[in-house]
Amino acid sequence: MANNKKGRRDFMGMVLGGYTALGGLGALYAMKRTWDPLPSVKAAGFTTLNIDDYKENELVVEKWRGKPVFVLRQSPATIEKLKKEKPEDLKRLIKVGDAHFTICVGLCTHLGCIPAFRPETQDFLCACHGGVYDITAEVTKAPPPRGLDIPPFRIDGKKIVLGEKGPEYEKMLADGITMPV
Amino acid sequence: MAHFDENARPFSHQWLNERLAIDTLKRVLSTEYWIPKNINFLWAMGMVLAATFGLLLVSGIFLLMYYQPNTELAFDSVNYTIMTEVGYGWLWRHIHGVGASVVFLVIYIHMFTGIYYGSYKRGRELIWLSGMLLFVTFSAEAFSGYMLPWGQMSYWAGMVITNLFSGGSLHADALVEWIRGDYVPGQAFLNRFFMLHVLLLPLVIIGLIVLHFGTLRIPHVNNQEGEELDFEKEAALYKEGKIRESKVIPFNPVFLSKDVFVLGIYFIFFFYLVFYHFEFAMDPVNFDPADPLKTPPHIYPEWYFLWSYEILRPFPTDPGLVAFGIAQVIFFLLPFLDKSPNVAPAHKRGLFKYWFWALLIDMIVLTFMGKLPPEGIWSVIGLIAAIFFFVLWIALPIITKKEKKL
């Protein structure tokens, strides 16, 4: 009889425990959702670049989803040099007509500082931890694990729309040139 | 059944005693809480920390009355409203800024005192662990508070530290965005760190302080020789009036009067900093408003995080993150990595003496290297110091196992 009673209490204890755990999980889920980015933040727009606005060898910093985006129109001389020295870097460039662009999120892939463009050495230096990127923003000195990420883009005539995924971007993703951001 | 005297006057001693056992509480927590005599001023650091936390709390309450947790208004609410308009607003800000920095200096002194005298060993492990929890929570409190003025260093420190949670090659970008509530630090980020700084973390800290005191009550504080005292015997001597022969004194009022003396000296130093040298706690870069499109040329944390930052910096991303993660928790393991049975000061413990000073010097070197730009010789020294830090922790169980029993 005593055992029987204990069994009944155990059962009630488990029911209470299970019920409490369920409520706890529900509360945790609500808390997690409260910390999620708001829909208005998620829907934050697209940035359209007009290629005629950019001069060769001049770095322009645009803004996309609150992040800086480097836009650098490469000169024919740079392209020739790359063809000879680093042909694999050419895959990182975005071609619109006969203009070649380096477009990437200007946040170091190490911990997110903004690397500075150094025109005299034709590279990017991140002052936080000393990472260096070449002219196409491919990494050349650690700690960054990879080159600067290329944002999703779609080429539309003489315009580039950041935030939309065009076939050229999908190909870059498939080839492992960049990571999704 | 408790006995309540119907003739006891409300709020009289007897009336309170019947309801709250105030005599017992006073005895257990103060007049018969025995402290060894054989200690020095370093044993006052706990009370110094409690007092500094009190100063941070009071100054924080006054800052809270004018601070605006809004990305558009935060910077001006601190640098214009509080600093120039609010009567004595500058005083609260300088106490808060200096206090946040000095509290870490005292925490480090408190920790290294404990390491030197073996105050984390047998019977006192929970004191060490609860203290480490306090250190971690204070670190989170300091970081979240640093976000609030929304200057350049606030913004970029927020960017870099939240990016640590992407876990390097794991690319947990969704987790980072979840923590921020945005792709980059913004309004949602500022608001939630404001909440953490003024409510959740202080509640946790207060709870942990109570736990820390609780873990101390039964093992009692250590002493300069690590001597295991028979507290009952020594207390009996003291109560018999043999104050000179007894090796202990009561916490209140005898030990507390010494604590208050040390506090007096400390406050002279503290308020000297508040009034004449507050600028060491105010990074000039943070007097520029946050600009998401411009990283300051050189980012570094406040001095008290530099040693662990320097452990992150010289390695490639993934090993760097692993090293950083280990450095954050390795001190928790101290009571279990020290295999020696001796509870004694470091100078009596053979190799451990050199281990102690090597660790202290290595952490000071790491601190200096963390502040210097990561270039040339500084990178090399930083890398060596970071590797040496791990060598020391790997060596600890080995050298302490070999230690002779005293």
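Residues numbered from 1 in each chain as written. Chains lettered and ligands numbered in written order. Predicted model: local features only at pLDDT ≥ 70, side-chain atom pairs only at ≥ 80, totals over all residues. Heavy atoms only, no water.

### Looking at the overall build of chain A
Within chain A, the regular secondary structure consists of four helices and 11 strands. Taking the principal axes of the C-alpha coordinates as reference, chain A spans close to 95 × 35 × 25 Å. A total of 181 residues make up chain A; the buried ones form 41% of that total. The long-range share in chain A, meaning contacts at least 24 apart out of those at least 6 apart in sequence, stands at 50%. Surface exposure of chain A reaches about 10,000 Å², of which carbon and sulfur atoms provide 59%. (Helix = DSSP H or I, 4+ residues; strand = E, 2+ residues; numbered from the N terminus. Buried < 20%, exposed > 50% of the residue type's maximum accessible area, 1.4 Å probe, protein only. Contact = heavy atoms within 4.5 Å. Areas by Shrake-Rupley, 256 points an atom, 1.4 Å probe, with all protein chains shown as cover.)

### Examining the pattern of salt bridges
In this structure the tally under the stated criterion is 18 salt bridges over all chains. Across the pair Asp123(A) and Arg118(A) runs a salt bridge whose closest N-O atoms are separated by 3.1 Å. A residue is classified by how much of its surface remains accessible, and Arg118(A), at 27% relative accessible area, is partly exposed. Among the charged side chains, a network of salt bridges with common partners joins Lys121(B), Asp338(B), Arg349(B) and Glu403(B). (Salt bridge = Lys/Arg side-chain N within 4 Å of Asp/Glu carboxyl O.)

### Observations regarding the packing of aromatic side chains
All names here are of chain B. This structure, assessed with the given rule, holds 48 aromatic pairs over all chains. Taken together, a centroid distance of 5.7 Å and an interplanar angle of 80° make the contact between Trp-303 and Tyr-304 edge-to-face. Given the relative accessible area of 4%, Tyr-304 is considered buried. The interplanar angle of 75° and the centroid separation of 4.8 Å between the aromatic rings of Tyr-304 and Phe-305 together place this pair among those described as edge-to-face. Counting every residue linked through ring pairs, the aromatic cluster contains Tyr-88, Trp-90, Tyr-266, Phe-267, Phe-269, Phe-270, Phe-271 and Phe-275. Over the ring of Phe-352 we find Arg-349, and its NZ or CZ is 3.9 Å from the ring centre. (Phe/Tyr/Trp six-rings, centres within 6.5 Å; stacked < 30°, edge-to-face > 60°. Lys NZ or Arg CZ within 6 Å of the ring centre and 35° of its normal.)

### A look at helix H3 (residues 45–64) of chain B
Residues and elements named next belong to chain B. With 20 residues, H3 should reach 28 Å at 1.5 Å per residue; the first-to-last C-alpha distance of 28 Å fits that figure. Listed in full, the buried residues belonging to H3 are Met-45, Val-48, Leu-49, Ala-51, Thr-52, Phe-53, Leu-55, Leu-56, Ser-59, Gly-60 and Leu-63. On its buried side, H3 packs onto helix H4 (74–85), helix H5 (89–117), helix H6 (125–147), helix H9 (187–217) and helix H11 (251–276). (Expected span 1.5 Å × (residues − 1).)

### Here's the deal with the confidence of the model for chain B
Summarising the model, chain B shows a mean pLDDT of 93, and 100% of its residues fall at 70 or more. Across chain B, the element-wise mean pLDDT spans from 88 in helix H13 (residues 317–329) of chain B up to 97 in H9(B). (pLDDT = per-residue confidence, 0-100.)

### Some words on the sheet that holds strand E1 (residues 47–50) of chain A
Residues and elements named next belong to chain A. Reading across from one edge, E1-E11-E10 is the order of the three strands in this open sheet, with antiparallel pairing throughout. Two strands in the sheet have a free side with no partner beyond their single neighbour: E1 and strand E10 (153–156). Going from strand to strand, the sheet's axes swing by 20° on average, the running direction of each strand aside. Note that E1 and strand E11 (residues 159–162) share four bridges and pair antiparallel. Residue Thr-48 lies in a different strand from E11, and its bridge partner there is Val-161. (Pairing = 2+ DSSP bridges. Axes fitted to C-alpha atoms, helices over the stretch in contact; angles between N-to-C directions.)

### Overview of the interface of chain A and chain B
Listed per partner, the contact involves 30 residues of chain A and 30 residues of chain B. Summing the contributions of chain A and of chain B, the shared interface buries around 2,700 Å²; its carbon and sulfur component is 65%. If you look at where chain A meets chain B, you find zero salt bridges. Put simply, chain A and chain B have five residue pairs in polar contact (both at pLDDT 80 or more) between them. Those elements that place two or more of their residues in the side of chain A that touches chain B are helix H1 (2–35), helix H2 (39–42), strand E2 (59–64) and strand E3 (67–74) of chain A. When residues of the side of chain A that touches chain B are assigned to their parent elements, the largest contribution, three residues, is made by H1(A). Classifying every residue of the side of chain A that touches chain B gives 16 nonpolar, six polar and eight charged. (Buried area = accessible area lost by both parts, 1.4 Å probe. Polar contact = N/O pair within 3.5 Å; in protein donor to acceptor, adjacent residues only side chain to side chain. Nonpolar A, V, L, I, M, F, W, Y, C, P; charged D, E, K, R; others polar.)

### Section: unusual backbone geometry
Each neighbour pair has its own omega, and for Asn252(B) with Pro253(B) the value is 5°, a cis peptide bond. As for its position among the elements, Pro253(B) is in helix H11. Phi is positive for Arg65(A), close to 50°, though the residue is something other than glycine. With respect to the helices, strands and loops of the structure, Arg65(A) is situated in the loop between E2 and E3. You can call Arg65(A) partly exposed: its relative accessible area is 23%.

### As for the domain arrangement of chain B
Residues and elements named next belong to chain B. Along its sequence, chain B is organised into domain 1 (34–298) and domain 2 (300–406). Summarising the inter-unit geometry, the C-alpha centres of domain 1 and domain 2 are found 22 Å apart. Taken together, the contact pairs 37 residues of domain 1 with 38 residues of domain 2. When domain 1 packs against domain 2, close to 3,300 Å² is buried across both sides, 67% of that on carbon and sulfur atoms. It is Phe-112, Tyr-116 and His-298 in domain 1 that bury the most area against domain 2; as a group they hold 22% of the surface buried on that side. On inspection of domain 1 and its partner domain 2, the count reaches two salt bridges. (Domains from an automatic or database assignment.)

### With respect to the side chain of His94(B)
Within the element layout of this structure, His94(B) appears in helix H5. What His94(B) contacts, discounting residues up to four positions off in sequence, is Met83(B), Gly99(B), Val274(B), Phe278(B) and Met282(B).

### A look at the nonpolar core
Residues and elements named next belong to chain B. Residues Phe-331, Trp-355, Phe-389 and Trp-393 are the most contacted members of the largest nonpolar core, which totals 82 residues. For this core, the leading source of residues is H5, giving 14 residues. Two domains each provide a minimum of three residues to this core, namely domain 1 (34–298) and domain 2 (300–406). The contacts of Phe-331, once residues within four sequence positions are left out, are Met-111, Ile-115, Trp-128, Met-132, Trp-307, Leu-359, Met-363, Phe-389 and Trp-393. (Core = buried A, V, L, I, M, F, W, Y, C linked by side-chain atoms within 4.5 Å.)

### Quick look at the side chain of Ser101(B)
Residue and element names in this part refer to chain B. Position of Ser-101 relative to the elements: it lies in helix H5. Looking at Ser-101, the relative accessible area reads 2%, which means it is buried. Residues in contact with Ser-101, not counting those within four places in the same chain, are Phe-280, Ala-281, Trp-303 and Tyr-304.

### Considering a nonpolar patch on the surface
Residues and elements named next belong to chain B. Together, Leu-64, Met-195, Val-198, Leu-199, Leu-200, Leu-203 and Val-204 make up a nonpolar patch on the protein surface, roughly 550 Å² of accessible area in all. The biggest single contributor to the nonpolar patch is H9, with six residues. As for its placement among the helices and strands, Met-195 is situated in helix H9. (Patch = residues over 30% accessible without salt bridge, like charges linked within 9 Å, V, L, I, M, F, W, Y side chains within 5 Å.)

### Description of H5(B)
All names here are of chain B. In this model, H5 (29 residues) spans 42 Å end to end at C-alpha, consistent with the 42 Å of a helix rising 1.5 Å per residue. At Gly-99, H5 shows its strongest bend, of approximately 25°. By the criterion of burial, H5 is predominantly enclosed, with 22 of the 29 residues buried. Residue Gly-118 follows H5 closely and has a positive phi angle near 70°. (Bend = angle between axes of the 7 residues up to and from the residue.)

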